[in-house]
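Spelled out, the chains give:
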Amino acid sequence: LGPQSKGLADLKRNLAADYYDKFGHRRYAGVVQKYVDNLLTYNGRKFHIRTFMLVASADPLLVYYYDGFPLLSTVIHNSTNFDDPRNHITNSAWAKSKKEIASA
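Anyway, here's the lowdown on the structure attached to this text. (Residues numbered from 1 in each chain as written. Predicted model: local features only at pLDDT ≥ 70, side-chain atom pairs only at ≥ 80, totals over all residues. Heavy atoms only, no water.)

1. Notes on the sheet that holds strand E3 (residues 41-42)
Within a sheet, neighbouring strands are paired by backbone hydrogen bonds and run either parallel or antiparallel to one another.
Point 1. With antiparallel pairing, three strands are arranged side by side in an open sheet as E3-E4-E5. Bordering the open sheet on either side are E3 and strand E5 (61-72), each of which pairs with just one other strand. (Pairing = 2+ DSSP bridges. Helix = DSSP H or I, 4+ residues; strand = E, 2+ residues; numbered from the N terminus.)

The structure is reproduced here in structure tokens:
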């Protein structure tokens, strides 16, 4: 889900519908993954740190690294609330599009 995508709403809609592949086999849409139970938070908010690295050459080794920045969710994290995407998304562009300001 990119920062400029309609993203989450489209993803939810697409995952809700089963579909048939090109061979006529019924496929069931969905995502299965283990959710991290005891994740690290900052002031109670879910976060991630975005850094950048570019390997410009392998021989000789030339690597550029940019420290990056932290991204916080806009609400205090609640691991049992899966209905509010703000609880889990740390994308600042998404938060800006919702006109919400995170006060950490």
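2. Let's talk about a nonpolar patch on the surface
Point 1. Taken together, the side chains of Met53, Val55, Leu61, Val63 and Tyr65 make up a nonpolar region of the molecular surface, amounting to roughly 550 Å² of accessible area.
Point 2. Mapped by element, the contributors of at least two residues to the nonpolar patch are strand E4 (45-58) and E5.
Point 3. When residues in the nonpolar patch are grouped by element, the largest group, three residues, is from E5. (Patch = residues over 30% accessible without salt bridge, like charges linked within 9 Å, V, L, I, M, F, W, Y side chains within 5 Å. Areas by Shrake-Rupley, 256 points an atom, 1.4 Å probe, with all protein chains shown as cover. Salt bridge = Lys/Arg side-chain N within 4 Å of Asp/Glu carboxyl O.)

3. Structural notes on the packing of aromatic side chains
Point 1. In the structure shown here, the tally under the stated rule is two aromatic pairs.
Point 2. Judged by centre distance (6.0 Å) and plane angle (45°), the rings of Phe52 and Tyr66 are tilted. A residue pair is termed long-range when its members are at least 10 positions apart, and Phe52 in strand E4 and Tyr66 in strand E5 qualify at 14 residues.
Point 3. Cluster of aromatic residues (ring-pair linked, three or more members): Phe52, Tyr66 and Phe69. (Phe/Tyr/Trp six-rings, centres within 6.5 Å; stacked < 30°, edge-to-face > 60°.)

4. Structural notes on the side chain of Ser73
Point 1. Tracing the backbone shows Ser73 in the loop between E5 and helix H2 (92-97).
Point 2. A residue is classified by how much of its surface remains accessible, and Ser73, at 0% relative accessible area, is buried.
Point 3. Within the local environment of Ser73, its side chain forms a polar contact with the backbone oxygen of Val75, the two atoms lying 3.0 Å apart. (Buried < 20%, exposed > 50% of the residue type's maximum accessible area, 1.4 Å probe, protein only. Polar contact = N/O pair within 3.5 Å; in protein donor to acceptor, adjacent residues only side chain to side chain.)

5. Focus: the pairing of E4
Point 1. As judged from the two bridges shared by E3 and E4, these two strands associate in the antiparallel manner. In the strand pairing of E4, Tyr42 is matched with Arg45.
Point 2. Counting the residues that bridge the hairpin from E3 to E4 gives two residues, and of these Asn43 lies at a positive phi of roughly 50°.
Point 3. As defined by bridge partners, E4 adjoins E5 across 10 bridges and the pair is classed as antiparallel. Of the residues in E5, the one forming a bridge with Leu54 is Tyr64.
Point 4. Where E4 folds back on E5, the antiparallel hairpin that results is connected by two residues.

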